[in-house]
Amino acid sequence: MSEFIAIDGPAGSGKSSVSAAIARRRGYGLLDTGAAYRALAWHVLERGGHTDDTDAVLAAAADFDLRLGLDPDDRSVAIGDTDITAAIREPRVSSAVSGVARIPAIREQVNIFFRSLVARAPQPAVVVEGRDITTVVAPDAPVRILLTAAPEVRAARRAGELSGENAAEVAAALHKRDASDSAVVDFLNAAEGVEVVDSTHLDFSQTIDAVLAVIDRKQGAEHGR
Ligand SMILES: Nc1ncnc2c1ncn2[C@@H]1O[C@H](COP(=O)(O)OP(=O)(O)OP(=O)(O)O)[C@@H](O)[C@H]1O
Ligand SMILES: Nc1ccn([C@@H]2O[C@H](COP(=O)(O)O)[C@@H](O)[C@H]2O)c(=O)n1
């Protein structure tokens, strides 16, 4: 049985990039749970629907052949035979995704999918990153981390990735998404037993080291090392 390494945090906190680096370094799997929500949002839009329309989201979810793996070196996402790896990162999907994430039945459906992926994983552990992994998906995971950074730092990092986008608009969209998402699950405050790593004053490499230090300490305690 593969072990959960649960990492939550707000948008742009470094969850995906830091988790991928750690999974590669340790030979673990990587599960980007946000990619599943994004894929469903893309699917709703592709069917001509709107993610504010609960019936349209539920209908899309009933016909949702998501292909999402655990290989940190293969971050591809598909629905059936359609590769949507790049499409799910487009601003139109980022703006729509909170609409699918607010629906409890959708959260239950994707959580069943996540748990079954980890249960069948060939790796000894899977780094699972998202918003509710430490609290809902794997509240008993031996390693639970809230990765955060100051809002203006997160916005600047995200704006730095998106060439051609207006920095103020990128920041506004990121904060709007956090506001919508945090009304559904609390990923701004650490639940009991969850360790906080704040990367506001850390560079990328220092952040990886800080997260690895928590993982090593928690796994050592769990396995009596
Ligand atoms: N400590 C850091 N210092 C500098 N840049 C960082 C740091 N951590 C992450 N980054 C960069 O910040 C950007 C956002 O990181 P990433 O996409 O991993 O965040 P995320 O939490 O997964 O965001 P989202 O939830 O919006 O998908 C990336 O370009 C990443 O390389
Ligand atoms: N555990 C999760 C993960 C994600 N979401 C929703 O998906 C959106 C995209 O996530 P990213 O990590 O790719 O930014 C996010 O804004 C949430 O709406 C979620 O609800 N729970």
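Residues numbered from 1 in each chain as written. Chains lettered and ligands numbered in written order. Predicted model: local features only at pLDDT ≥ 70, side-chain atom pairs only at ≥ 80, totals over all residues. Heavy atoms only, no water.

### Thoughts on the sheet that holds strand 2 (residues 29–32)
Then, number 1: What the five strands build is an open sheet, ordered 2-6-1-7-8; its pairing is parallel. Strand pairing shows two members of the sheet lacking a second neighbour, strand 2 and strand 8 (195–198), which therefore form its edges. Strand after strand, the sheet turns through a mean of 25° between neighbouring axes, direction not considered.
Then, number 2: Looking at chain direction, strand 1 (residues 3–8) and strand 6 (residues 125–130) are connected through six bridges and run parallel. Across the sheet, residue Glu 3 finds its bridge partner in strand 6, namely Ala 125.
Then, number 3: The strands touched by helix 1 (residues 15–26) are strand 1, strand 2, strand 6 and strand 7 (143–148); relative to strand 6, the strand with the most contacts, the crossing angle is about 175°.
Then, number 4: Where helix 9 (residues 204–222) meets the sheet, its contacts fall on strand 1, strand 7 and strand 8, and the angle it forms with strand 7 comes to roughly 160°. (Pairing = 2+ DSSP bridges. Helix = DSSP H or I, 4+ residues; strand = E, 2+ residues; numbered from the N terminus. Axes fitted to C-alpha atoms, helices over the stretch in contact; angles between N-to-C directions. Contact = heavy atoms within 4.5 Å.)

### Concerning the UniProt feature "domain: Cytidylate kinase" (unreviewed entry) in the chain
Then, number 1: Taken from the UniProt record, the annotation "domain: Cytidylate kinase" (unreviewed entry) applies to residues 5–216.
Then, number 2: Secondary structure across residues 5–216 divides into 50% helix and 15% strand, with the first and last C-alpha atoms of the span separated by 11 Å. (UniProt positions renumbered as here; feature names shortened; annotations may be inferred.)

### Structural notes on the site of ligand 2
Then, number 1: Around ligand 2 lies a shell of 15 residues, among which Arg 38, Arg 107, Asp 132, Arg 177 and Asp 181 are the nearest.
Then, number 2: Arg 38 places a side-chain nitrogen or oxygen 2.7 Å from an oxygen atom of ligand 2.
Then, number 3: Between ligand 2 and Arg 177, the relevant distance is 2.8 Å, taken from an oxygen atom to a side-chain nitrogen or oxygen of the residue.
Then, number 4: Relative to its unbound accessible surface of 460 Å², ligand 2 loses 97% to contact with the protein.
Then, number 5: When residues of the shell around ligand 2 are assigned to their parent elements, the largest contribution, four residues, is made by helix 2 (residues 33–46).
Then, number 6: Broken down by class, the residue content of the shell around ligand 2 amounts to four nonpolar, four polar and seven charged.
Then, number 7: Viewed by domain, the shell around ligand 2 spans two of them, domain 1 (1–28 + 124–224) and domain 2 (32–122), each represented by three or more residues. (Near = heavy atom within 4 Å. Polar contact = N/O pair within 3.5 Å; in protein donor to acceptor, adjacent residues only side chain to side chain. Areas by Shrake-Rupley, 256 points an atom, 1.4 Å probe, with all protein chains shown as cover. Nonpolar A, V, L, I, M, F, W, Y, C, P; charged D, E, K, R; others polar. Domains from an automatic or database assignment.)

### A closer look at the packing of helix 7 (residues 151–161) against helix 8 (residues 167–182)
Then, number 1: Where helix 7 meets helix 8, the closest approach of the two axes is 9 Å, and the angle between their N-to-C directions is 125°. Comparing their axes, helix 8 and helix 7 come out oblique. When the axes of helix 7 and helix 8 are compared, the crossing they make is right-handed. For the pair helix 7 and helix 8, contact is made by Pro 151, Arg 154, Ala 155, Arg 158 and Ala 159 and by Ala 167, Val 170, Ala 171, Leu 174, His 175, Arg 177 and Asp 178, respectively.
Then, number 2: Taken together, the residues of the contact of helix 7 with helix 8 break down into seven nonpolar, one polar and four charged. (Parallel < 35°, antiparallel > 145°, perpendicular 65-115°, else oblique. Left-handed = near helix turned anticlockwise from the far one by under 90°.)

### Thoughts on the site of ligand 1
Then, number 1: Around ligand 1 lies a shell of 18 residues, among which Lys 15, Ser 16, Ser 17, Arg 158 and Thr 207 are the nearest.
Then, number 2: Take Asp 203: an N or O atom from its main chain is 3.3 Å from a nitrogen atom of ligand 1.
Then, number 3: Separating a nitrogen atom of ligand 1 from a side-chain N or O atom of Thr 207 is a distance of 2.7 Å.
Then, number 4: Mapped by element, the contributors of at least two residues to the shell around ligand 1 are helix 1, helix 7 and helix 9.
Then, number 5: Among the residues forming the shell around ligand 1, the class breakdown is four nonpolar, seven polar and seven charged.

### A look at the packing of aromatic side chains
Then, number 1: Within this structure, the stated rule accounts for two aromatic pairs.
Then, number 2: Taking 6.4 Å as the distance between ring centres and 55° as the angle between the ring planes, the aromatic pair formed by Tyr 37 and Phe 114 counts as tilted. Taken together, the positions of Tyr 37 in helix 2 and Phe 114 in helix 5 (residues 104–119) put the pair 77 residues apart, joining distant regions of the chain. When sorted by exposure, Tyr 37 lands in the same class as Phe 114, which is buried.
Then, number 3: Measuring from centroid to centroid gives 6.2 Å for Phe 113 and Phe 114, while their planes differ by 55°, and the two rings are tilted.
Then, number 4: Clustering of aromatic rings is evident, with ring pairs tying together Tyr 37, Phe 113 and Phe 114.
Then, number 5: Lying across the ring of Phe 187, Arg 131 places its NZ or CZ 5.4 Å from the centre. (Phe/Tyr/Trp six-rings, centres within 6.5 Å; stacked < 30°, edge-to-face > 60°. Buried < 20%, exposed > 50% of the residue type's maximum accessible area, 1.4 Å probe, protein only. Lys NZ or Arg CZ within 6 Å of the ring centre and 35° of its normal.)

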